[in-house]
Amino acid sequence: MAELSYQDLRDSVVTASRELFTAGVMSHSGHANLSARVDDGSFLLTTTGMVRNLTSAKLARVTLAGETLEGELTPENAEIIAMHSVVYRRREDVGGIIHTHSPAATPFALAHQPLPCRHEPLLRFGQAETIPVVPWGPRGSNISVRGIESALRDQPATSAVLLANHGLLVFGADPIAAARLLVAIEESAEAELSAALIGGGQDFPPGALEAVRESMTRARS
């Protein structure tokens, strides 16, 4: 993917937000926070948790250490800088992060139940392992941030974590990739809840991820 200009990067956060609303994966409140890595020392972050009708003017630029370089964050978003920073620190491949209270994924967070990978779209997005649950801590607190860091250390290939009693945190190569994975996760969570009513979801056979990757490679060649 070609490197985006600074304005294009800002626009990509707005586009990602719009895709979430279009897909219908947002909570009634429309709460979320989105970010995009600018360089090794800073990232864009939505200035408020209310991102319905988000514009690029509602983005701040902050450092991984928590210093605000541009814009002004509301208190509720200033406290989640560390939640995004810890992912950028641990995962150099991540260029975009989204946190939501998605309606189908959040019940797994409330039940402290990991979300298994049983839905093929997750394989196609590279989320081939169970999405872990991070133990509860006040959002943005050291407890919560340490939990996220521990989950990423234990499962370095995951591109999402469930925040116990809270919601979902998803990350990808850029904000739009994160948004599209989030939609796939929400669909998978919804399917898991429905499958539980008729006996429960079933695991993939061995080699499913490799088979999907081979199929995708053939289609692109």
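That block above? That's the structure.
**Q** Run through the side chain of Thr63, naming residues and quoting values.
**A** Along the chain, Thr63 falls in strand β3 (residues 59-63). Contact partners of Thr63, with chain neighbours within four places excluded, come to Gly41, Ser42, Phe43, Leu69, Ile81 and Ser85.

**Q** Describe the pattern of salt bridges, and please don't skip the residues or the numbers.
**A** Within the structure shown, the criterion is met by 9 salt bridges. With a closest N to O distance of 2.9 Å, Arg118 and Glu192 form a salt bridge. One end of the pair, Arg118, is in the loop between α4 (106-110) and α5 (120-124); the other, Glu192, is in helix α7 (residues 175-195), and 74 residues separate them in sequence. According to the relative accessible area criterion, Arg118 is partly exposed, its value standing at 28%. Judged by its relative accessible area of 13%, Glu192 is buried. Across the pair Arg118 and Asp203 runs a salt bridge whose closest N-O atoms are separated by 2.9 Å. You can see Arg118 sitting in the loop between α4 and α5 and its partner Asp203 sitting in the loop between α7 and α8 (208-220), a full 85 residues away along the chain. One salt-bridge network, in which partners are shared between bridges, spans Arg10, Asp39, Arg61 and Glu70.

**Q** Account for α8, naming residues and giving values.
**A** Taking 1.5 Å per residue, 13 residues should reach 18 Å; α8 reaches 19 Å between its end C-alpha atoms and fits that length. For α8, the set of buried residues is Ala208, Leu209, Val212 and Met216. Buried residues of α8 fall within an arc of 100° about the axis and therefore sit on the same side. Opposite the buried face of α8, by more than 90 degrees, sit the exposed residues Thr217 and Arg218. In this structure, the buried side of α8 is in contact with α5.

**Q** Would you mind going over the sheet that holds strand β5 (residues 96-100) in detail, with residue names and values included?
**A** Pairing in this open sheet of 8 strands is mixed, and the strands run β4-β3-β2-β1-β5-β8-β7-β6 from one edge to the other. Unpaired on one side and paired on the other, β4 (68-70) and β6 (133-134) mark the two borders of the sheet. Inspection of the sheet shows β5 paired to strand β8 (residues 167-172) by 5 bridges, in the antiparallel sense. Within β8, the residue paired with Ile97 across the bridge is Phe171. Strand contacts of helix α3 (residues 81-90): β1 (32-39), β2 (42-46), β3, β5, β7 (160-163) and β8, with the helix running at about 45° to β1, the strand carrying the most contacts.

**Q** Quick one: what's the story with the nonpolar core, residue by residue and with numbers?
**A** Residues Leu20, Leu162, Leu168 and Ile185 are the most contacted members of the largest nonpolar core, which totals 40 residues. Contributing elements (two or more residues each) for this core: α1 (6-23), β1, α4, α5, β7, β8, α7 and α8. Per-element accounting of this core gives the leading share, 8 residues, to α7. Residues in contact with Leu162, not counting those within four places in the same chain, are Ala105, Phe108, Ala109, Gln113, Pro114, Leu115, Ile131, Pro132, Val133, Val134, Gly167 and Leu168. Core analysis: the next-biggest nonpolar cluster, separate from the first, contains 23 residues, Phe43, Leu45, Val87 and Ile148 among them.

**Q** Describe the side chain of Ser12, and please don't skip the residues or the numbers.
**A** Among the secondary structure elements, Ser12 is positioned in helix α1. What Ser12 contacts, discounting residues up to four positions off in sequence, is Leu4, Pro175 and Ile176.

**Q** Tell me about α3, and please be specific about residues and values.
**A** With 7 of 10 residues buried, α3 lies mostly within the body of the structure. For α3, every residue scored as buried is listed here: Ile81, Met83, His84, Ser85, Val86, Val87 and Tyr88.

Thresholds applied
- Residues numbered from 1 in each chain as written.
- Predicted model: local features only at pLDDT ≥ 70, side-chain atom pairs only at ≥ 80, totals over all residues.
- Heavy atoms only, no water.
- Helix = DSSP H or I, 4+ residues; strand = E, 2+ residues; numbered from the N terminus.
- Contact = heavy atoms within 4.5 Å.
- Salt bridge = Lys/Arg side-chain N within 4 Å of Asp/Glu carboxyl O.
- Buried < 20%, exposed > 50% of the residue type's maximum accessible area, 1.4 Å probe, protein only.
- Expected span 1.5 Å × (residues − 1).
- Arc of directions from axis to C-beta.
- Pairing = 2+ DSSP bridges.
- Axes fitted to C-alpha atoms, helices over the stretch in contact; angles between N-to-C directions.
- Core = buried A, V, L, I, M, F, W, Y, C linked by side-chain atoms within 4.5 Å.

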